[in-house]
Amino acid sequence: MTSRTEDLSTAGERARHRIALRLIPYLMLLYVIAFLDRVNVNIAALEMKQDLGFTDAVYGFGAGIFFVGYFLFEIPGTLLVENWSARGWIARIMITWGILAAGMGFIHTDKQFYWVRFFLGVGEAGFFPGVIVYLSHWFRYQDRAKAVALFMAAIPLSSVIGSPISGFLLGIHWLGMAGWRWLFVLEGLPAIIFGVVTIFYLTDWPREAKWLPEEERLWITAELEREKQARSAAHSYRIWEALKDREVVLLALAYFFVVTSTYGFNFWFPTLVKNLSGFSDFKVSLIVSLTYCVTLLLMLIMGWSSDRTGERRFHAALPITLGAVGFLLSAISLNNPVLAILTLCCTGAILYSYLPGFWPLPSSFLTGSAAAAAIGLINSIGNLGGFVGGYILGYVRTKTNSFAGGLLYLSLSALLSVGMILALRQKKTKVDVVLEA
C-alpha cells in the first residue's frame, strides 16, 4: 500500500511538472501578445495624439471604450471554453483581435479610433477569463495561485518587452507611414500567427493529452474530479444562482474598482512620465519597462506565498492598499517631478501583484459552468473599470490641466476594492476539508 501511494505521489509530481512546462510558457506568450495589443496605445499616444489632433479626453475615451465591447461578449465566451473547446475559442479570439489591432494603424479620425478600439474589445472578449477557466482544467486548487501568477506575469512582461520595442517603433517612418502606425500593424501580426498555432498546440482536457504518460494522465484527471465533486457537494449552484451569489457580486465590484485604478494608471503612465520629465519617447518606454520588471518579480513572490499559506484575501488586498497610498502620494507630489516619477514607478510596481491572490478566489467555492460564468461576470464587470479609469484621467486632465484629481480618484477606487475584498466571508467548508485530506 505504501509503495502504491509513493508511486502515485511520484506520478503526481511528474504530471504537475510536465503540465506546467507544457502549458504555462505558451499561455504566457499568448497573454503577452494580448496585453500588448490592448495597451500599446499608451506608448502610441506619445505621438498619435499630436499627429491626429486628439485631446486628452478623446484619447482617454478611445482607450477605455475597448472595455465596453469586452464586457458585452465576456460570459458567453467563457462558457464556450468550459463546454465547447478552449483551443478553438482562444484561436478564434486571437486571429480576430490580431486583425483589429493591426487595423489601428490605419485610423485617421476620433470616430474611427473609437470604433476600432470598441471592436478590438469585442474581438478579445473571453480570452483572459477563458484561460483562467482553462487553468482550472489542468491545475489543482492547491497549485492554482502559482499557475495564475506565472500566467499573469505576462502583464508586466508585456510592458518589459513591449515598451522598448514600441518606443523604438515610434521612431521609424517606413513607406511614408508614421511610427505609431507601424507600431500597431507590426504588433498585431503575432496574434494572427499564434492564433493558428494554438489550434494545434493546446489540448482541451487532460484525458485528451497524448503528450502525458497514461499514469500521469489518470492521476491529474482523478485529482481534478475529486476536487470537482467536493465543490459540487458543498456548493450545488446553477449558473444563474452563482451569478447572484454574494461572494461573486463582491468579487465583481472589487475587480471593477481595482481595474479602474490599474488601467487608469497603465493608459496614462507613459504620458505622466513624459510630462514630468521631458524625456524622449524611448527613455520613457525604458522607465515603464523597468517598473514592470519589478512587478514581474513581486507577482511571482505573491503567487508562491499565497499557495504556500493557502491564504488569498490578504494577498490580494495588501498590494491594492499600497497602490492606493502610492496614488495619493503621487497626486500631492506632482510639483516635484523626481519624487512624483519615483512614486508612480513604485505604485506601478506593486499594484498588479494582487492578481495571484485574487483569481483563485472564485474557484474556491464554485466549479464547472457556474465557475466559468462567475469568472466571466467578474472579469466583464471588472473590466468596465478600464473604461472608467482611462476616461476619468483624460477628462479631469482636459478640464483642470492637471493629473492630480485623476490620481486621487484612482486612490479612492483602489480603497473601495480593498473594502470589497475584505468583506468576503472567510470560513472553512467541507470542500476545504476534502482538499486538505
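Provided above is the structure to which this section pertains.
Residues numbered from 1 in each chain as written. Predicted model: local features only at pLDDT ≥ 70, side-chain atom pairs only at ≥ 80, totals over all residues. Heavy atoms only, no water.

Chemist: Could you give an account of the overall build of the protein chain, with specific residues and numbers?
Modeler: Helix and strand counts for the protein chain come out as 20 helices and 0 strands. The buried share of the protein chain, reckoned over its 437 residues, is 60%. For the protein chain, the share of sequence-separated contacts (at least 6 apart) that also reach a separation of at least 24 residues comes to 84%. Summing over all exposed atoms, the protein chain offers an accessible surface of approximately 17200 Å²; the carbon and sulfur share of this is 67%. (Helix = DSSP H or I, 4+ residues; strand = E, 2+ residues; numbered from the N terminus. Buried < 20%, exposed > 50% of the residue type's maximum accessible area, 1.4 Å probe, protein only. Contact = heavy atoms within 4.5 Å. Areas by Shrake-Rupley, 256 points an atom, 1.4 Å probe, with all protein chains shown as cover.)

Chemist: Give a description of the packing of aromatic side chains that names residues and reports values.
Modeler: Taken as a whole and assessed by the stated rule, the structure comprises 40 aromatic pairs. Judged by centre distance (6.1 Å) and plane angle (90 degrees), the rings of Trp 115 and Phe 118 are edge-to-face. In this pair, Trp 115 and Phe 118 are both assigned in helix 6 (residues 110-124), 3 residues apart and thus about one turn of the helix distant. Note on Phe 118: relative accessible area 16%, which makes it buried. The ring of Trp 89 is capped by Arg 92, whose NZ or CZ atom sits 4.4 Å from the centre of that ring. Directly above the aromatic system of Phe 279 lies the positively charged group of Lys 283, at a separation of 6.0 Å from the ring centroid. (Phe/Tyr/Trp six-rings, centres within 6.5 Å; stacked < 30°, edge-to-face > 60°. Lys NZ or Arg CZ within 6 Å of the ring centre and 35° of its normal.)

Chemist: Describe in detail the side chain of Glu 187, supporting the description with residues and values.
Modeler: Along the chain, the position of Glu 187 falls in helix 10 (residues 179-201). Buried within the structure, Glu 187 lacks any salt-bridge partner; its nearest side chain of opposite charge belongs to Arg 117, at an N-O separation of 9.9 Å. Apart from residues lying up to four places away in sequence, Glu 187 is in contact with Leu 36, Asp 37, Asn 40, Gly 162, Ile 165, Ser 166, Leu 169 and Trp 182. (Lys, Arg positive; Asp, Glu negative; His and termini not counted. Salt bridge = Lys/Arg side-chain N within 4 Å of Asp/Glu carboxyl O.)

Chemist: So what's going on with the nonpolar core? Which residues, and what values?
Modeler: One finds Trp 97, Phe 127, Tyr 255, Phe 358 and Trp 359 to be the most contacted residues of the largest nonpolar core, which totals 133 residues. In terms of residues, this core owes the most to one element, helix 13 (residues 246-277), which gives 18 residues. For Phe 127, the residues in contact, after removing those within four places along its chain, are Leu 30, Tyr 31, Ala 34, Ile 90, Ile 93, Met 94 and Trp 97. (Core = buried A, V, L, I, M, F, W, Y, C linked by side-chain atoms within 4.5 Å.)

Chemist: Now, about the environment of Trp 174: what can you tell me, with residues and values included?
Modeler: Structurally, Trp 174 is set in the loop between helix 9 (154-169) and helix 10. If we skip the residues at most four places from it in the chain, Trp 174 touches Trp 182 and Leu 186.

Chemist: Which residues make up empty space enclosed by the protein, and what values do they have?
Modeler: Within the structure shown, the criterion is met by 5 cavities of 30 Å³ or more. Taken together, 15 residues form the lining of the largest cavity, with Ile 155, Tyr 255, Tyr 263, Tyr 354 and Leu 355 sitting closest to its centre. Of all the elements in the fold, those that place two or more residues in the lining of the largest cavity are helix 1 (2-39), helix 13 and helix 18 (368-400). Sort the elements by how many residues they give to the lining of the largest cavity and helix 13 lands first, with 4 residues. Within this model, the second largest cavity holds a volume of roughly 60 Å³. Leu 36, Val 39, Asn 40, Asn 42, Ile 43, Ser 158, Ser 159, Gly 162, Ser 163, Ser 166 and Asn 266 are the residues that line the second largest cavity. Residue assignment for the lining of the second largest cavity shows that the elements contributing at least two residues are helix 1, helix 2 (41-52) and helix 9. Here the element with the most residues in the lining of the second largest cavity is helix 9; it accounts for 5 residues. Of the residues assigned to the lining of the second largest cavity, the class counts are 3 nonpolar, 8 polar and no charged. (1 Å grid on protein atoms, 1.4 Å probe; cavity = no way out; pocket = protein on both sides within 12 Å on 5 of 7 lines; lining within 4 Å. Points joined across faces, edges and corners; volume = space filled by probe spheres on them. Nonpolar A, V, L, I, M, F, W, Y, C, P; charged D, E, K, R; others polar.)

Chemist: Mind laying out the packing of helix 13 against helix 19 (residues 404-422), listing which residues take part and the relevant values?
Modeler: At a minimum axis distance of 8 Å, the contact between helix 13 and helix 19 shows a crossing angle of 155 degrees. When the axes of helix 13 and helix 19 are compared, the pair comes out roughly antiparallel. For helix 13 against helix 19, the interelement crossing comes out left-handed. Contacts between helix 13 and helix 19 involve Leu 250, Leu 253, Ala 254, Phe 257, Val 258, Thr 260, Ser 261, Gly 264, Phe 265 and Leu 272 on the former and, on the latter, Leu 407, Tyr 409, Leu 410, Ser 413, Ala 414, Leu 416, Ser 417, Met 420 and Ile 421. Grouping the amino acids of the contact of helix 13 with helix 19 by side-chain chemistry returns 14 nonpolar, 5 polar and no charged. (Axes fitted to C-alpha atoms, helices over the stretch in contact; angles between N-to-C directions. Parallel < 35°, antiparallel > 145°, perpendicular 65-115°, else oblique. Left-handed = near helix turned anticlockwise from the far one by under 90°.)

Chemist: Provide a residue-level description of the side chain of Ser 163, including the pertinent values.
Modeler: The topology assignment puts Ser 163 in helix 9. Among the residues examined, Ser 163 registers a relative accessible area of 6% and is labelled buried.

Chemist: For helix 8 (residues 141-152), give the residues involved together with the corresponding values.
Modeler: For helix 8, built from 12 residues, the straight-helix expectation of 16 Å at 1.5 Å per residue is met to within 8% by its first-to-last C-alpha distance of 17 Å. In terms of burial, helix 8 is a largely internal element, 9 of the 12 residues being buried. Among all positions in helix 8, only Tyr 141, Asp 143, Arg 144, Ala 145, Ala 147, Val 148, Ala 149, Phe 151 and Met 152 are buried. (Expected span 1.5 Å × (residues − 1).)

Chemist: Can you explain the pattern of salt bridges? Please cite residues and give values.
Modeler: For the structure shown, the criterion picks out 16 salt bridges. Note that Asp 56 is salt-bridged to Lys 49, the shortest N-O span being 2.6 Å. Of the two residues, Asp 56 and Lys 49, both sit in the buried class. For Asp 281, the salt bridge identified is with Lys 274, shortest N-O distance 2.4 Å.

Chemist: Go over unusual backbone geometry with me, naming the residues and quoting the values.
Modeler: The residue Leu 175 is not glycine, and still its phi comes out positive at about 55 degrees. Mapped onto the fold, Leu 175 is located in the loop between helix 9 and helix 10. Residue Asn 401 is not a glycine yet carries a positive backbone phi of 60 degrees. Mapped onto the secondary structure, Asn 401 falls in the loop between helix 18 and helix 19. For Asn 401, a relative accessible area of 60% corresponds to the exposed category.

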